[in-house]
Amino acid sequence: MPAMSGPAPPPTPRGLEGVVATSTRLSHVDGAAGELIIGGYELAELAGRASFEEAAHLLWRGRLPDARALASLRREMAAARRLPAQTLAVVRAAASHARPIDVLRMAAATLSLDLDDPDGVSPAADLAAAKALTARFPTIVAAHARLVAGRRPIAPRADLGHAANFLYMIHGVEPDPIAAHALDTYWVTVIDHGMNASTFAARVIASTRSDMVSAVTGAIGALKGPLHGGAPGPVLEMLREIKTADRAEPWLRRELAAARRIMGFGHRVYKVRDPRAEVLSRAAEEMSRAELRDRELFDLARAVESTALRVLEEHKPGRNLRTNVEFYTALVLQSLGLRPEQFVAMFACGRVAGWCAHVIEQHAEDRLIRPQSAYVGPRGLRIAAPTQPPARAQTSTRTKVANTSRTGSPRPRKRRSTSSLR
Ligand code: COA
């Protein structure tokens, strides 16, 4: 093995843990205090009190809108909800064999086709793209859900709020205001969250002066992994497998013994209960009042949560693996009649407004994100000199002629049978 040479690389925190990558006015996560600030407001102040459109305005324009600005944003976003034909064609083509988050990624990429300035990185171009993307994500998810169920997509209604319109497009009836409020609260709760993986991905793409649609499409790819946004589906599956509170402890211990992670627990930054879990557990409790089945699931979730916290503390003492946002997300979304495979796409419908705000901020900063890496591979390797000429070089002129047609062009080679390749 060749000797390693050169100075020892500086220690690199794995997964960039603790590294401050940029400054932002958009949101702040204090993992020790369990605090999330969005555009200057504590999450508990914002979620449930400001609508999703108001929170989007806060991130995109730096302040909550007054009544006129809100009415105008609502009008513009409602008018943008309908999907262009090419986007709907992608949703239809992928409907039977792709998961909702993948359909969203493919369809999102088409949303640059009808923007006036798709490559623009000016504040005006970014804002127009932000409104179109945020307005259309729910339409894509709802259209896909209808097509998968063998139904026709329902056209959006401009007279309904962002969350109420989504539930209308999914279920075909105007939703109960409590359900619309729960979804609105969920989307505000997940709208932005510091330098998480998908937001960082969006900012890296935007830093090359690439456009908003490209940055957001890349962010969807980062969000879908189970360590980021893909956890709430498995949370619901876990609760359904556990079934009753008395089965929670053996189930959780079995998972940990098999070196599997318990979904909905642990966080790179929070070492106390995620403040979003707090907000969403209240929303889930509110929703569970209407249906006995939801009430039973909520009670089971509470029992599983307290057992999991105890078992995880025993399993990884001092690591502070606490409840994260995904645990109660699963409950809120299932009570709205959504299926686990749709959950991560629902997350994207909320987070898209935050991604767009970060792209706006990154474009204004206009500085390429280009870190370095510590090289830990070998150096000074040499290519060994060949000991004899390669076999091909000895091929005779006769063989070359035999492989050439009368016109002088090479003959198509015969395909070898697959069996000879095995
Ligand atoms: N279940 C079991 N063990 C867990 C765990 C979980 N949910 N979360 C972390 N751990 C373990 C890790 O394996 C690690 O063990 P090790 O030191 O023996 O390798 C230890 O606890 C510390 O992990 P930590 O470094 O704090 O986690 P991370 O920052 O690498 O990962 C998550 C954070 C979110 C990826 C991780 O907690 C996780 O996978 N959670 C489950 C998925 C989830 O809910 N994702 C949604 C996040 S909002």
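Residues numbered from 1 in each chain as written. Predicted model: local features only at pLDDT ≥ 70, side-chain atom pairs only at ≥ 80, totals over all residues.

Side note on the overall build of the protein
- A count of helices and strands for the protein gives 18 helices and 3 strands.
- Looking at the protein as a whole, 41% of its 422 residues qualify as buried.
- A separation of at least 24 residues holds for 76% of the contacts in the protein among residues at least 6 apart in sequence. (Helix = DSSP H or I, 4+ residues; strand = E, 2+ residues; numbered from the N terminus. Buried ≥ 20, exposed ≤ 12 C-beta atoms within 10 Å, placed from the backbone. Contact = placed C-beta atoms within 7 Å.)

Observations concerning the sheet that holds strand β3 (residues 41–42)
- With antiparallel pairing, the 3 strands of this open sheet are ordered in space as β1-β2-β3. At either end of the open sheet lies a strand with only one pairing partner, and these are β1 (27–30) and β3. (Pairing = 2+ DSSP bridges.)

Details of the site of the ligand
- In the vicinity of the ligand lie 16 residues, with L227, A231, R261, G266 and R268 positioned nearest.
- Taken together, the residues that form the shell around the ligand break down as 7 nonpolar, 4 polar and 5 charged. (Near = placed C-beta within 6 Å. Nonpolar A, V, L, I, M, F, W, Y, C, P; charged D, E, K, R; others polar.)

Details of helix α10 (residues 212–223)
- Helix length check: α10 (12 residues) gives 16 Å between terminal C-alpha atoms against 16 Å at 1.5 Å per residue, within 8%.
- Burial analysis of α10 places 9 of its 12 residues in the buried class, which makes it a mostly covered element. (Expected span 1.5 Å × (residues − 1).)

Focus: the nonpolar core
- In terms of nonpolar packing, the biggest core is built from 112 residues, with L104, L133, V216, V332, A348 and C356 touching the most fellow members.
- With 14 residues, helix α16 (residues 343–365) is the single largest residue contributor to this core. (Core = buried A, V, L, I, M, F, W, Y, C linked by C-beta atoms within 7 Å.)

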